[in-house]
Every structure is written in C-alpha cells, then in structure tokens.
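# Per-entry structural report
Listed here are the chains, written in short residue letters.
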Amino acid sequence: MEIQVHAIHFTADKKLVDFIHSKVGKLELFFDHITACEIYLRLDKDQEKENKISEIKMLIPGKT
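As a starting point, this report considers the structure included with it. On a predicted model such as this, the values are computed, not experimentally measured, just so you know.

All right, on to the overall build of the protein chain then. When helices and strands are tallied, the protein chain shows 1 helix and 3 strands. Written out in order from the N terminus, the α and β elements of the protein chain read β-α-β-β. Based on the C-alpha atoms only, the size of the protein chain along its principal axes is roughly 40 × 25 × 15 Å. Each of the 64 residues in the protein chain was classed as buried or not, and the buried ones make up 16%. In the protein chain, the share of contacts with a sequence separation of at least 24, taken over all contacts with a separation of at least 6, comes to 51%. With an accessible surface of roughly 5200 Å², the protein chain has 54% of that area assigned to carbon and sulfur atoms. With 10 positive and 11 negative side-chain charges, the protein chain shows a separation of 4 Å between the mean positions of the two kinds.

Here it is in structure tokens:
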C-alpha cells in the first residue's frame, strides 16, 4: 500500500509522518485490497485551539 501525507499550511515533522504510517498501515489487517492512501492534514484557523483537520482518502479497486 502506498501512503502519501500532505500537510497544508504547515510542515509535518518526521515523528508525525512516521506515526501516521504506522497507524494507517494497520488498516491492511481489516481490508487487504487497499492500493493507496492519501492523508491530508491542515490547519483551519490559527486562533482557535481545535484547528486541526485530517482527511484520509483510501483507494480500493473499483471505488474511492
């Protein structure tokens, strides 16, 4: 499975990217036909405490 991490409006450090790879890699235990995952991390508003948004787009044969 190919995993791509996109950080929008900030730079993700190596620890965060490694953590994402380890957690998303475990998804293959539940469904082994996942071909790729794209993870989007973004900061919405800098002033608020809860300003972090994450999206996971999984590509499987026939569907997204």
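Before going further, it helps to spend a moment on the sheet that holds strand E1 (residues 2-8). The sheet built from 3 strands is open, its strands ordered E1-E2-E3 with mixed pairing. Lying at the two open borders of the sheet, with one neighbouring strand each, are E1 and strand E3 (52-59). For this sheet, the mean inter-axis angle between neighbouring strands, taken without regard to orientation, is 15 degrees. Direction of pairing for E1 relative to strand E2 (residues 36-43): parallel, over a ladder of 7 bridges.

Glancing now at the environment of Ile53. As for its position among the elements, Ile53 is in strand E3. Of the residues examined, Ile53 reaches a relative accessible area of 34% and is grouped as partly exposed. Separated by 45 residues in the primary sequence, Ile53 and Ile8 place their C-alpha atoms 9.9 Å from one another. Those residues within four positions of Ile53 in sequence are excluded, and the remaining contacts are Tyr40, Leu41, Arg42 and Asp44.

If you trace the backbone, Ile20 turns up in helix H1 (residues 14-25). Each C-alpha atom of the pair Ile20 and Val5 lies 8.2 Å from the other, and the pair is 15 residues apart in sequence. Residues within four places of Ile20 in sequence aside, it is in contact with Val5, Ile39 and Leu41.

Parameters and conventions
- Residues numbered from 1 in each chain as written.
- Predicted model: local features only at pLDDT ≥ 70, side-chain atom pairs only at ≥ 80, totals over all residues.
- Heavy atoms only, no water.
- Helix = DSSP H or I, 4+ residues; strand = E, 2+ residues; numbered from the N terminus.
- Buried < 20%, exposed > 50% of the residue type's maximum accessible area, 1.4 Å probe, protein only.
- Contact = heavy atoms within 4.5 Å.
- Areas by Shrake-Rupley, 256 points an atom, 1.4 Å probe, with all protein chains shown as cover.
- Lys, Arg positive; Asp, Glu negative; His and termini not counted.
- Charge placed at Lys NZ, Arg CZ, Asp CG, Glu CD.
- Pairing = 2+ DSSP bridges.
- Axes fitted to C-alpha atoms, helices over the stretch in contact; angles between N-to-C directions.

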